Structures are given as C-alpha cells and as structure tokens.
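Reading the structure
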Amino acid sequence: MDQALATLYSDHIDTMLQRHRMALQEQGFDWLIIHSGLLRYEFLDDRPVAHVANPHFRTWVPLPDHAGGAVIVGVTDSAPRLVFLQPRDYWHEVPATPAEAWARHFDLRAIAASDDIVSHIADLEGRVAVISDTTAPASVLDAGEHNPQGLIAHLHWQRAVKTGYEIECMRRANAIAVRGHRAAEQAFRDGASEFDIHIAYCKACGQDTNTLPYDNIVALNEHGAILHYTARENHAPAESRAFLIDAGASYNGYAADITRTYSRADDDFAALIALMDELQLQICADATAGTDYVSLHRQTHDRLGLLLEDQGLVKCSAEAAVAQGYTRAFFPHGLGHYIGTQVHDVGGHQANIGGDEQPPPPDHPFLRLTRELEAGAVCTIEPGLYIIDMLLEPYARHADLDWAAIDRLRPYGGIRIEDDIHVTSNGVENLTRDQFAAY
Ligand code: GLY
Ligand code: MN
Ligand code: MN
C-alpha cells in the first residue's frame, strides 16, 4: 500500500471504529466479531468454491479473499483485533503475515487452524454480536447474537457514505477496468470472438474470475439484449456488428462496474449509442447531493421517451411512451445501485438507520436504490435501451410502436452505458469517465 493510500486508510479505520462503536453502543453490544467465512467445497467434491470474504470483513481489511479470519471490535477504546488464518499447508499458498502499513492499526493474531479462533474470543465479556455466514466455526457462532438485524441495519445505512480510502480504491478499480475496456474494444474491432475479447480484457486488467468483482458480460450482436449474458461464444460471428461489454475490476476488494456499447460501422446504431451516451451524461450531471434516486430513475424514463419519439421507435408522444409502459419494455432494469466492496452495495432500499425499508415503486421493481443521494455516495448510472422480444410481445399489435424500426435495431441487441459516480458536496465526480479520459 503506497503512502497516499495508507494515509487515507488510517482515516478510514478511524471512521470505521467510530461508526462501529456508535452502532454497538446504540444496540447495546460490547463486542462485535466479524468472521470472514471459511472455504466451502462443491457438493460431493474436493473442489473449493471461489472464496469471497464476508463484505463486512472486506470493509475493514484489504484481504478480500481471506478465509478463516476475523476482525473483532470492542465498544471501548482498544485496538481492533485481526485474527488471520495461516494453516500449516503445503498444498496451497499460505497467507503471509500482514506487514504493510495498514496492519499496524490492528492487534494481529495468527492462528494455524480455523477453530483456534476460540482462544482469541474467550475473553470477550458482555454482550457479543457476530456478523458472519454459517461457515464460521461453532465457537464463533455460539459466541453471541448472530447477525443482529438492528446492528446490521445501522452499519449498512452508514455504508452509503464512503470514506476517502474507499473512493480512492474505486478510482483505482476504475483505472484498471478502463485498461480492460480499451483492450476489449480493440479486440472487437479486430473481429475477435466473445471468448477472446474476454481474455483480452482479463489480460489488460491482470484480473480473472478469481479477482474480478462479477462475471464479465461480453456480448456481440443480439446477445447485447440478454441483460446478464455470460455464455461467451468461442467463435466470432460472421458479421460482428455491435458489442456490449459490462465488465469491472477490483482494487483492495472494492469494485468498478462499467458498461460500454460500440457499433462497428458509422451507422444508425452508432448514432443511437451517441444519443444514449448524451442521455447518460445528463443523468450523471443531475445525480447531485440531495437528489432522490427514484426521481432520477423516472427522469431517465422521461428522457428515454423523448429519444424513442425522436428516433421513430415509437409513433406516440414521449409522455405516452412512458405512460403506456413502452419505455419500461426498452429499459427494463434500474438506473443503478450503490457500489462499494459489493458491486450492488447494501442499504439501497433503507428508509432510515433503524432498518425500515423503502421499496422500489411497483412499476419499477428492479430499482436497487430508492434513497436520496448524499455527498460521499458512490453509485452507478446505467441507462439502457434493448430490443427484448419477450418484453415487447405484449405490445405486438400496438400501432404506437414502429415495428419496422424495431426490426432494424434487433440485430444490434441493445445499448447500456454505465459509469460509477461519486456524489460530492458540490457536484459529481465521474470515476469512470475520468479514467477513460486519462487512458
Ligand atoms: N454488472 C452488474 C450491474 O451492472 O449491475
Ligand atoms: Mn451496475
Ligand atoms: Mn454493470
């Protein structure tokens, strides 16, 4: 960890301690054990499932794939403990003792077996909370109240405002991902298959399925209309017209989540991409502190209605396109979500620190973020426009839609443009576009 990041990390730990101690105090706990989780194996097999540590653990320490460890925080003023597992094992790499600057903030305790954690929690007095999945050793699960809702709601609410360290990690994750996006675009222009584009992306990022924050969506032509397309064909199509790539990167366990869409030719689809890009930028500019994200999502539909009308995909007015549900058929997912150590970060539906829910409106059930944006929030802005026949089917005989125009667009799949933005006290920092501009 370089000096600049170590300084930010030091402030991050201060904030983490402050937030956690406030939450513990308010919920009447004396200690919190955050267990990273243990390795799991595939059913009837000796193959481990790729391990991703408990997200609460990941917000404390830059050990995103650590298994068998724990962070232990007391309500009073002692250094947090970091129990980390160093098994005696010659089959696998054994984690090194954390020696970087960040580790100095912890009372480090190495254990050789996951059950040995018992000797580092035996002295915890008072009321103990445990945040973990169910793989944690019995001594941990039995040490206190497991995943108390009030405590978790409190911590999740606070996670909506990122620390400077977290934002810098996401800047760096975006920088890595943008290298991949540049390489992927080049591979598309060279006529590569989806699989080869994916490999070009991974190579440029130096990350693969073990480290990427989510499975890359690398979609040529009609595949762009399958929202979570991850099949990745080995053979390039005879005509590679359009390319949608939704791919991220990780840095110290923090994610980037970026989508770009390209057309091979300078054609109508390229013009439509440019219009969607303009629309996306307008929404990014409007995502300022104090903005209600549901309103921003609805505003996106209004703008999309205008675009559909202008481009002749609908024959009705923009208002009617929204009112009749046509914009939802073309853009059926949410505008975006919080992002952090989890790609879809927590707390997006919370109404308050107590954990009351603020569900998405019934006509937009997939919207993951219903809160007002605060300075320090990091979220995605990812409008889309797709030809998804299943969603257009209910309108099959409606004269309001221009079916010839829809048929012309279908072979291109769809468009999504996704940036990660940081809401600041005086505007918006676009973590993604800043990196595209620099690279
Ligand atoms: N890549 C997942 C998402 O955009 O939410
Ligand atoms: Mn996203
Ligand atoms: Mn995405």
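Check the entry above for the structure.
The sections below set out a description of the structure shown in this document. Predicted model only: the values in this text are computed from it and were never measured.

Interhelical geometry of helix α6 (residues 164-189) versus helix α7 (residues 194-205) gives an angle of 145 degrees and a closest axis separation of 7 Å. Classified by chirality, the crossing of α7 by α6 is right-handed. Here α6 contributes Ile176, Ala177, Arg179, Gly180, His181, Ala183, Ala184, Ala187 and Phe188 to the contact with α7, which in turn contributes Ile197, Ala200, Tyr201, Ala204 and Cys205. Looking at the contact of α6 with α7 residue by residue, the classes come out as 11 nonpolar, two polar and one charged.

Before going further, it helps to spend a moment on the coordination of the manganese ion (ligand 2). Each protein donor to the manganese ion (ligand 2) is listed here as Asp257 (OD), His337 (NE2), Glu382 (OE) and Glu418 (OE); together their distances run 2.0 to 2.2 Å. Going along the chain, you hit the donors of the manganese ion (ligand 2) in the pattern D-x79-H-x44-E-x35-E. Between the two metals, the manganese ion (ligand 2) and the manganese ion (ligand 3), the spacing is 3.4 Å, and aspartate 257 donates to both. Linking aspartate 257 in strand β9 (residues 254-263) with glutamate 382 in the loop between β10 (378-381) and β11 (384-386), this pair joins segments that are 125 residues apart in sequence. What makes aspartate 257 buried here is its relative accessible area of 3%.

All right, on to the sheet that holds strand β14 (residues 427-430) then. In space, the three strands of this open sheet follow the order β10-β13-β14, with antiparallel pairing throughout. On the outer flanks of this sheet lie β10 and β14, each paired with one strand and no other. Here the strands of the sheet are splayed against their neighbours by 40 degrees on average, with no regard to which way each runs. In terms of strand pairing, strand β13 (residues 419-424) meets β14 through four bridges, oriented antiparallel. Pairing of histidine 422 across the sheet is with glutamate 429, part of β14.

Let us now look at the site of ligand 1. Taken together, Tyr214, Asp246, Asp257, His337, His344, Glu382 and Glu418 form the complete shell of residues around ligand 1. For ligand 1, a nitrogen atom lies 3.1 Å from a polar atom in the side chain of aspartate 246. Here an oxygen atom of ligand 1 sits 3.0 Å away from a polar atom, N or O, in the side chain of glutamate 382. Taken together, the residues of the shell around ligand 1 sort by class into one nonpolar, two polar and four charged.

Glancing now at the packing of aromatic side chains. How two aromatic rings sit relative to each other is set out by the distance from centre to centre and by the angle between their planes. The tally for this structure, following the rule as stated, stands at 10 aromatic pairs. Consider the rings of tyrosine 9 and tyrosine 165, whose centres lie 5.1 Å apart with planes at 80 degrees: the pair is edge-to-face. Of this pair, tyrosine 9 sits in helix α1 (residues 3-27) while tyrosine 165 is found in helix α6, placing the two residues 156 residues apart along the sequence. Across the pair, tyrosine 165 and tyrosine 9 agree in class, each one buried. Centroid distance tryptophan 102 to phenylalanine 106: 6.1 Å. Interplanar angle 75 degrees. Geometry classified as edge-to-face. Phenylalanine 106 carries the same exposure label as tryptophan 102, and that label is buried. What links up through ring pairs into an aromatic cluster is the set Tyr9, Trp60, Trp102, Phe106, Tyr165 and Tyr254. Of note, lysine 162 hangs over the ring of tyrosine 338, and the distance from its end group to the ring centre comes to 5.8 Å. Directly above the aromatic system of phenylalanine 188 lies the positively charged group of arginine 264, at a separation of 4.5 Å from the ring centroid.

How each quantity is defined
- Residues numbered from 1 in each chain as written.
- Chains lettered and ligands numbered in written order.
- Predicted model: local features only at pLDDT ≥ 70, side-chain atom pairs only at ≥ 80, totals over all residues.
- Heavy atoms only, no water.
- Axes fitted to C-alpha atoms, helices over the stretch in contact; angles between N-to-C directions.
- Helix = DSSP H or I, 4+ residues; strand = E, 2+ residues; numbered from the N terminus.
- Left-handed = near helix turned anticlockwise from the far one by under 90°.
- Contact = heavy atoms within 4.5 Å.
- Nonpolar A, V, L, I, M, F, W, Y, C, P; charged D, E, K, R; others polar.
- Donors = N, O, S within 2.8 Å, 3.2 Å for Na, K, Ca; no water.
- Buried < 20%, exposed > 50% of the residue type's maximum accessible area, 1.4 Å probe, protein only.
- Pairing = 2+ DSSP bridges.
- Near = heavy atom within 4 Å.
- Polar contact = N/O pair within 3.5 Å; in protein donor to acceptor, adjacent residues only side chain to side chain.
- Phe/Tyr/Trp six-rings, centres within 6.5 Å; stacked < 30°, edge-to-face > 60°.
- Lys NZ or Arg CZ within 6 Å of the ring centre and 35° of its normal.

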